[in-house]
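Take a look at the letters that make up each chain.
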Amino acid sequence: MRIAYLINDMYGIGGTVRTVANQAAALSARHDVEIVSVFRHRADPVLPVPAQVSLRPLVDIRQHDERSTGVDGRPLYEGSERAGLPPLLFPPEDGRGSTHSRLTDDRLEEYLATTDADVIVGTRPGLNVVIARAAPSRVIKIGQEHLTYEQHSEELIRVMAAEYPNLDAFVTVTEADARTYAARMPLPGVRLLSIPNSVPAPPFTVNGHDTRTIVSAGRLAPSKRHDLLVQAFSMVSEEFPDWTLRIYGRGSRRGALGRLVGSLGLQDRVWLMGPHPRVEEAWAQGSFAAVTSSEEPFGMTIVEAMRSGLPVVSTNCPHGPASIIRDREDGLLVPNRSAPGIAEGLAQLMGDDEMRQRMSSAALSGSERFDPVNVVRLHEELFFDLAGAGTPSSPVAAVPAPRPELPAACRVEVGPDGVTVLSFGPAEWRSGAVAGRLPNRLVLTKKGRRVELLPEADGRFLVDASRTGDDTEGPGGEPPKGLVTGTWQVFRVDDGVEAAVRDVEIHQHGFPLAPERTGELSIVIPARSAKGRLVLHVRRSAHHAEISHVEVADGLITVQGRVLGRHLPDARARLVVRLRTSQQTKREFPSAVAAGGEFTSVIDPELVVRGREGDSEKWEMRVVLSDGTEYTVGRHLSGVVGYKKIIEYAPQKVRPEHGLGTRVRPYYTVNDRLGLLTAPLAPSLPVDRVRVRPMGCHGDQLYIEVALGAPVPVDTSFALEVVRGTGAGQRFPLEVIPAQPGGEAGRVVGILPLLDHDDYRGLSALRASWQLRLKAGPAGALAKLGAKAVPDRTARRWSHGAYVRSATVSPLGSGDLRVTVADVHLVEAINRRIH
């Protein structure tokens, strides 16, 4: 059969995208399958589509003139005026209605009228409605539900109830949701059934290595309730001090979660990892998974974790978890929206090794029912039954993986000794002369350095930092040789031609390493670059102290850790904080080392900045023993890189008798070493009000006025810095207006030449936005002045012709300001208000 899936944007990432990729790959084993993506926002999909499945985008939104918009600010994609008009075919009641237009209507109608597909499957309510309204009668029309009935608005449900009777079948992902639709939205003549999502087996599963790590993955959205997970972990964290929680994903709640982690003092225990391109690699590093959604239509992450061999602690929310998890067999169902209930579930699995191992085996076996081989038969039975034909009797013996990377051209494994092994196996099914061949050699490069590796007798390449030179300076200050600490690019050499290594599969089954059993820091941590290339993060030091905890409280910074390979106490050891630009400038703090290597050091920020108040500087740390041996200080043995983005410690403020003072904050360098950042402290001035208004003959200048809630300190300067938008990085000075008797406490004003840029000349209608940062302090050392409590304000004035120019300023959660300038056609604005 010819089968087409209609999806809003196959080039993004999410549960629906993964589901469509899995279904299409499974069906393509013996059917002609096409994925039709309404939008295309990048060159290639984040989740590559299998070669045997065709991908057809309808509207390319990668390039458009942001200054030209239509009704309600719709961008004119592909330069079409039709893109600026609201849709008529696609229902605006759908949550994606604002992104659709008359142009998407045109392309959808054209596709449906000309397709030779036997079956068309919609993947969201709006597209299901489009199929019901416009697909020809010769086509089997199937709508899929990837949310639940309760997650739709009443307005959208009315549209669905009116149009869905024109479908041939409607498929939910759980029996519970199918029952809800049957009771609340009867669809006479429409086949209503549930088919679970399929999840292919991952390339590897957990191998029993007890990582003491809880893994959670998914969008950082309100419904996922990661806040409850963090709160629950905080309730049991002291009882289980060697456990950590890693949360993977991106989303609108990232900032709020970070603040919650900081308020609970869990920066060293709860890590917001960001998105992972291959989440199965993250699952394999955990001991069990946690899912705390308040509502879950199916629960793809639950199945993915179980297929990787992880038991799952999940809230028993509607509708998916209870249809997947067999309570107390392969996971635990805990009360919905209950932090104490989640905490109890976490504690059960954290405290019972035998239960975790038993549930891990049960999760692997029980989740096989979601394998594409098993699920694809249900789809086939539906398609052939609706077509009036018999389902093929032969089973699907081999279902293609939904990603062409599997099996990977390069498999990377890291063992418990920190040694990385690269294997290049056969991959004849991939195109290209290099694919599937064993390279002649590998070349590792880093800023002019070059290390060549030859294959071992078995064809594998071993990257062992301890065998490739020294990380210390040679005699006479010669630079170190071999794999020094840093990020190394990996190239394969075939017949003299070097090429970056891509298509990798990374298995870090040896992490985290135990500090008490590690004598010397010498590890290699594989990762992918932003462009998908293999990179190796080398962490080396003959003498190293591994950080376990950093606390910022009561005006002090406490650092705890363990000196690796040290088994003798040293009461006279000290922590040396040294200025990076001047090695002679240093501060020392007592840091006695116990017999097991443990140490605790208390840093007084006031002593660090004494005599250097108001300067922006970076300081490095070393533990120095009484015999003069220096140990680097950092966090490496967990197998994670990039703590600079994962962990953010609160600053301590040092306020001298005179002057503005200094912020002192612990931070991790690009190589995950611990250091201190000092920066001038912004004056403690409340920002009461901010106003931006157009000025000039045609409103081609912006006048800004900032009202302060306290008098301006002497010798304080102000400026506005463009953080995002045209002219990012520019800084514009503001003028202090002296306070008048009986008037406002303080006021600063200025003119922002943001509209002078060439991008805005000659436009009939303007719409632009900037993120601005208010800065204050002594001249030459300005620091951020937060303004997140100011109210929104809009000022308008005539611009040209029938256009009125508005300037709106609103606060952001970070304390920055968003300024939006837009030209509004007066007649259109009046019509919208009337209607």
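Student: I tried to follow the pattern of salt bridges on my own but got confused; where do I start?
Tutor: A side chain with one charge can pair with a side chain of the opposite charge if their charged atoms come near. Evaluated as defined, the whole model comprises 40 salt bridges. Note that R191 is salt-bridged to D385, the shortest N-O span being 2.6 Å. Here R191 is found in strand β7 (residues 191-194), whereas its partner D385 is found in helix α13 (residues 372-387), with 194 residues between them in sequence. Across the pair R574 and E588 runs a salt bridge whose closest N-O atoms are separated by 3.0 Å. Taken together, the residues span a long stretch of sequence, with R574 in strand β26 (residues 574-579) and E588 in strand β27 (residues 582-590) at a distance of 14 residues. Judged by relative accessible area, R574 falls into the partly exposed class, the value being 25%. Taken together, the salt bridges that share partners define one network made up of D210, R212, D242, D353 and R356.

Student: Sorry if this is basic, but what is going on with unusual backbone geometry here?
Tutor: A negative phi angle is the norm for most residues apart from glycine, just as the trans form is the norm for most peptide bonds. The amide bond that connects P318 to the next residue, H319, takes the cis arrangement and shows omega of 0°. Secondary-structure assignment places H319 in the loop between β12 (312-315) and α10 (321-324). A cis amide bond links F511 to the next residue, P512, at an omega of -5°. Positionally, P512 belongs in the loop between β21 (504-507) and β22 (521-528). Look at D72: it is not a glycine, yet its phi comes out positive at around 60°. Tracing the chain through its elements places D72 in the loop between β3 (54-60) and α2 (102-114). D72 gets classed as exposed once you look at its relative accessible area, which sits at 58%. The phi dihedral of R337 falls on the positive side, at around 60°, and the residue is not glycine. Checked against the element boundaries, R337 lands in the loop between β13 (331-334) and α11 (339-350). Residue classification places R337 among the exposed positions, given a relative accessible area of 53%.

Student: Can you help me understand the nonpolar core in this one?
Tutor: Within soluble globular proteins, side chains that are nonpolar generally end up buried alongside one another. In this structure, I603, V623, L674 and L676 are the most contacted members of the largest nonpolar core, which totals 57 residues. Among the elements that take part in this core, helix α9 (residues 300-307) stands out by supplying 5 residues, more than any other. Setting aside residues up to four positions removed in sequence, I603 forms contacts with L556, I557, V559, L575, V577, F589, V608, M621 and L676. Ranked by size, the runner-up nonpolar core spans 37 residues in total, among them A4, F39, Y181 and M185.

Student: Any chance you could explain the pairing of strand β42 (residues 803-811) here in plain terms?
Tutor: One ladder, built from 7 bridges, connects strand β41 (residues 793-800) with β42; its direction is antiparallel. If you follow T794 over to β42, its bridge partner there is T808. For β42 and strand β43 (residues 817-825), the ladder comprises 9 bridges, and the chain directions are antiparallel. When the bridges of β43 are listed, V809 appears paired with V819.

Rules of the game
Residues numbered from 1 in each chain as written. Predicted model: local features only at pLDDT ≥ 70, side-chain atom pairs only at ≥ 80, totals over all residues. Heavy atoms only, no water. Salt bridge = Lys/Arg side-chain N within 4 Å of Asp/Glu carboxyl O. Helix = DSSP H or I, 4+ residues; strand = E, 2+ residues; numbered from the N terminus. Buried < 20%, exposed > 50% of the residue type's maximum accessible area, 1.4 Å probe, protein only. Core = buried A, V, L, I, M, F, W, Y, C linked by side-chain atoms within 4.5 Å. Contact = heavy atoms within 4.5 Å. Pairing = 2+ DSSP bridges.

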